[in-house]
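Structural description and commentary
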There are 2 protein chains.
Amino acid sequence: MMGTARIVFDRWDGRYAQRMGDVRSSATRDLFAAASRSDIISFAGGMPEISRVPADAVASAAAEAIRDFGSEALQYGSSEGRPQLRGTIVELMAEIGVRARQEDIIVTAGAQQALDLLAKIFLDPGDVIITEGPTYLGALQAFSAYQPRVICVPMDEQGMDTDVLAAELAALGPRGAKFIYTIPNFQNPGGVTMSAERRRKLLELAREYDIPVIEDDPYGRLRFDGGHMRPLRALDEDVIYLGTFSKIFAPGLRLGWVIAPRPILGKVLLAKQAADLCGSAYAQITAERYFAGTRWRRVLRDLTRVYGERRDAMLEALEEHFPAEAEWTVPEGGFFVWVRMPVFLDLKALLPEAIEHGVTYVAGDAFFPDGRTGRNCMRLAFCYAAPDAIREGIRRLAEVVEDRLELYRAFQVAGALPDTMTAREVPA
Amino acid sequence: MMGTARIVFDRWDGRYAQRMGDVRSSATRDLFAAASRSDIISFAGGMPEISRVPADAVASAAAEAIRDFGSEALQYGSSEGRPQLRGTIVELMAEIGVRARQEDIIVTAGAQQALDLLAKIFLDPGDVIITEGPTYLGALQAFSAYQPRVICVPMDEQGMDTDVLAAELAALGPRGAKFIYTIPNFQNPGGVTMSAERRRKLLELAREYDIPVIEDDPYGRLRFDGGHMRPLRALDEDVIYLGTFSKIFAPGLRLGWVIAPRPILGKVLLAKQAADLCGSAYAQITAERYFAGTRWRRVLRDLTRVYGERRDAMLEALEEHFPAEAEWTVPEGGFFVWVRMPVFLDLKALLPEAIEHGVTYVAGDAFFPDGRTGRNCMRLAFCYAAPDAIREGIRRLAEVVEDRLELYRAFQVAGALPDTMTAREVPA
């Protein structure tokens, strides 16, 4: 008897917009189901350690939002976002060296919505955009709906390789791309931070070729060591800057922001109105109340310390357990370590085995637009598991990887694999 | 000396996506600024009377959401929306005769986001869609970003004219349109409700020509008189149904939902992930708590009574003050009355004068895709002003209109206007 599989017939097949051929599901998301099994240690999702955010402070903020601002909190609000919250954002930005006024800011449903709106206002099918490779998979999802051609510029420990960027731009010519998208701090998924010199070089090139730069900075304030790096927006007021409350407060409120030159911001506003009329005043007022005091600073300091300890635990465990063939980045902040294995190791194919061993990650191909590159790499999120769980998870993962590597080593000894094929030659 | 005007030079002009040429700002929104002057009586925005929603009940729901569900309320959630809230929606839908399961529902950022996501998954530039004419201006905004050709079908007191629809569909042929968008109950801006016979006819035509139907039902539960009409989705499970908490609870939480056949819902989910990853768990849990008891039913009954009194006040004032040349619809529920004046009266041009007289409305052209049709019409929202204010506002508005009409009557007597040109001949 044949096995039965539920086949969902789509009688609307062929009736969708062409863009739907390009939109991918989130690999991270597909793994959340597996990762929610309590026996599995997850290095997959970049979920903040929300248990360190004091529930009583937020509950007070929430109750205040309704009791003191009920008629505003429950009503439609302005599409730009509340002036009060934009005032809070102005202050937050000033603390990291960015001068912006309320009128330069639109509040969005997380930075994710800003990515969608920016792609919507800039991209016609076939337009070129430039990103780091690997890059944030939610950005690739948002952009892909508008059918761009994505050029990925590789990174090293200094961030995006601006020599490669220069060569790509020279080939494209002035205004040859609609925008350059970068995550300069503790890149997702790469974990690396763009050096000051590279930041200057990137801005020079963007000016020379007259191409807008989108700076996505969700993790900038979560630095464990090293000195603060000035945001690109602090160096150039034409930079489009994306911020979020998801990592300094809580993702459950879905609040982020975009800072952009006035004409671009006007287009973003139109797109925002078409997308959801306005953001949630209820969530915005809650955030205003939460940031009105000083307690959030202590919470953020505590969160940063917690993430730093987890980063340390992961790096130590990688040193202790991972095979000599593995290479990984050393993030100074943020949520992620990027691990690169020899090119013949397919970490996407290995994932079911890892889950069987009680550990999960995101294979690197999710972070490239072609969905193929990066299969020998993986993103490990250290933000969500406690240090002991991290050590145990890395130990399990090392076992799975080591098993597979031994097989390949045997092939290599037998001459079945070229011994020159090393991790160094892996693209990206 | 010349007057000074601040000219904003857009150095990115010509670099935006082609769709931005078609995206319009919300006429309603542009008027909010004027309408917020306290001496102005606003019939412009369709804002619910949020002061009747008990702040203490919502404040408790909010505090509970954090205290009892903090780690969920503040974290990223599922893109479909919380199962618990979808359970609430299943029950709400059952009460109006719609059978749906949790798996048939995605929670969206108001119904507006569902409009954006549906347009995104269905529309390539130039695709045909069919709407009522006039129709919801937020839908026109959402759709226009995907560059469709919009065919407007006129309405009479029975709702969308299905004979005209049949003729349009015959001309387009099978699958000749990507979808038919309709607001069957207390239409925005028309105020009319589609009759049972028209509902059946619409579904027959949609099946015959194999075209998806999107049923937008924000006001369905706000009925003052007449019997409940079964939603299209209750008659045909292929109908895509949009609901919202904005009118039965509060718009400030930005919560709506879409019910659709499984394959379509899968596409909506991908588009939702790309647009904002997931909705606000914080807002969703607050809504779950609010709807857990029975108090919301008394609040909704009270709201409906309040809106009904305002509808009565507006209709009575129109009868008392408005000129014989005016015609208007008699809504059995919802927020809006649609007023039609003789075709030579330009109510868009008259708006600044009305505002000067301390009253505002939305001119009818905002509700047609061409931005020209409907200038002799206006939408009057009776939801937001108290009965006395409504009577005073209509009195002021009648004065403004009467002034202008007298001018035209004089022209007419002088033979400068054809006397056959009456309101009956106005398109739509």
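Keep in mind the model is a prediction, meaning the values are calculated, not measured. (Residues numbered from 1 in each chain as written. Chains lettered and ligands numbered in written order. Predicted model: local features only at pLDDT ≥ 70, side-chain atom pairs only at ≥ 80, totals over all residues.)

1. Some remarks on the domain arrangement of chain A
All names here are of chain A. Stated precisely, the cut-off is as follows: Where each domain begins and ends follows an automated or database-derived domain assignment. Remark: residues whose backbone-derived C-beta atoms lie within 7 Å of one another are considered to be in contact. Under the scheme used here, helices are H or I runs from DSSP no shorter than 4 residues and strands are E runs no shorter than 2 residues, and both carry numbers assigned from the N terminus. Just so you know the grouping, Ala, Val, Leu, Ile, Met, Phe, Trp, Tyr, Cys and Pro go in nonpolar, Asp, Glu, Lys and Arg go in charged, and all remaining residues, Gly too, go in polar.
Entries for chain A in the domain assignment read domain 1 (18-52 + 298-410 + 421-425) and domain 2 (71-292). The gap between the C-alpha centroids of domain 1 and domain 2 is 25 Å. With 31 residues of domain 1 in contact, the opposing surface of domain 2 contributes 32 residues. Of all the elements in the fold, those that place two or more residues in the side of domain 1 that touches domain 2 are helix H1 (27-35), helix H11 (295-321) and strand S11 (336-340). If you tally residues by element for the side of domain 1 that touches domain 2, the top one is H11, at five residues. Residues belonging to the side of domain 1 that touches domain 2 are distributed by class as follows: 15 nonpolar, ten polar and six charged.

2. Here we look at the relation of the copies chain B and chain A
To keep it simple, the criterion reads: Here the copies are matched by least squares. The fit uses the C-alpha atoms of residues with pLDDT of at least 70 in both.
For the pair chain B and chain A, the relating rotation is 180°, the translation along its axis is 0.0 Å, and the fit reaches an RMSD of 0.0 Å. Taken together, the rotation and translation describe the operation of a two-fold axis. Comparing contact sets, 100% of the residues at the interface of chain B also lie at the interface in chain A, consistent with an isologous, same-surface contact.

3. Some details on the sheet that holds strand S4 (residues 149-156) of chain A
Residue and element names in this part refer to chain A. Heads up, the condition is: In this analysis, strands are considered paired if DSSP registers two or more bridges between them. Here the axes come from fitting lines to C-alpha atoms, over the contacting stretch only for helices, and the angles between their N-to-C directions go from 0 to 180 degrees.
Reading across from one edge, S2-S9-S8-S7-S6-S3-S4-S5 is the order of the eight strands in this open sheet, with mixed pairing throughout. Two strands close off the open sheet at either side, each with one partner strand: strand S2 (105-108) and strand S5 (159-160). Both strand S6 (residues 179-182) and strand S7 (residues 213-216) contribute to a ladder of three bridges, which runs parallel. When the bridges of S7 are listed, Tyr181 appears paired with Ile214. Along the sheet, helix H4 (residues 110-122) contacts S2, S6, S7, strand S8 (240-244) and strand S9 (256-259); its crossing angle with S8, the most-contacted strand, is approximately 155°.

4. Things to note about the interface of chain B and chain A
Counting residues at the interface gives 69 residues for chain B and 69 residues for chain A. At the level of secondary structure, the elements contributing two or more residues to the side of chain B that touches chain A comprise helix H2 (55-73), helix H4 (110-122), helix H5 (137-144), helix H9 (262-276) and helix H10 (281-292) of chain B. Residue contributions to the side of chain B that touches chain A peak at eleven residues, all from H2(B). Partitioned by chemical class, the residues of the side of chain B that touches chain A number 39 nonpolar, 18 polar and twelve charged.

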